[in-house]
Amino acid sequence: MPKNYYSLYEIVYKKWVNVFFQNNANKVHCIKYKLLGKLLSFYRKEHHLSLYELVEMIGINGSTLSRYENATRKPPIDVVYAICQLLKINIEVLLIQSI
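Residues numbered from 1 in each chain as written. Predicted model: local features only at pLDDT ≥ 70, side-chain atom pairs only at ≥ 80, totals over all residues. Heavy atoms only, no water.

Caption draft 1: Molecular detail of the nonpolar core. Core analysis: the largest hydrophobic core is formed by 22 residues, its most contacted members being L65, I83 and L94. Here this core gets six residues from one element, more than from any other, and that element is helix α6 (residues 77-87). When residues no more than four places from it in sequence are discounted, the contact partners of L65 are L51, L54, V55, I60 and I83. (Core = buried A, V, L, I, M, F, W, Y, C linked by side-chain atoms within 4.5 Å. Buried < 20%, exposed > 50% of the residue type's maximum accessible area, 1.4 Å probe, protein only. Helix = DSSP H or I, 4+ residues; strand = E, 2+ residues; numbered from the N terminus. Contact = heavy atoms within 4.5 Å.)

Caption draft 2: Representation of the packing of helix α4 (residues 51-58) against α6 in the model. Two elements in contact, α4 and α6, have axes whose closest approach is 10 Å; the angle formed by their N-to-C orientations is 110 degrees. Between α4 and α6, the angle is such that the two are roughly perpendicular. Judged by residue contacts, L54, M57 and I58 of α4 engage V79, A82, I83 and L86 from α6. Of the residues assigned to the contact of α4 with α6, the class counts are seven nonpolar, no polar and no charged. (Axes fitted to C-alpha atoms, helices over the stretch in contact; angles between N-to-C directions. Parallel < 35°, antiparallel > 145°, perpendicular 65-115°, else oblique. Nonpolar A, V, L, I, M, F, W, Y, C, P; charged D, E, K, R; others polar.)

Caption draft 3: Summary view of the environment of E53. As for its position among the elements, E53 is in helix α4. Residue E53 is classed as partly exposed on the basis of its relative accessible area, which comes to 38%. At 2.7 Å, the side chain of E53 and the backbone nitrogen of S50 are in polar contact. (Polar contact = N/O pair within 3.5 Å; in protein donor to acceptor, adjacent residues only side chain to side chain.)

Next up, the structure:
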C-alpha cells in the first residue's frame, strides 16, 4: 500500500498510461504533433491562460512549452497529462483528436 496520496497517484497514472498505450498502440505512432500542439495552444487560450501562466503551474520552461505548441519538440506524456489535468481536458480525447 502506498504511503501517501502522491504515491497512489503515480501508481494509478502509470497503470493508466500502460493501458491507454496498449489499447491504442496502433494509433500512437500516428500522433500528429503539429495538431497536438495546436490543440494544446487552443485549450490554453480557451482557459484565458498565457503561455507563462501555464508553465508556472506545471513547472516547465516557457520556451519548452512554446516548442511543444509549435511542434518543434515532442511533449512527453507526463507533461501532456499535467496540462490536461490543469485545463480539465480528457487526455484520451486530446490524443485521439491528434491522430
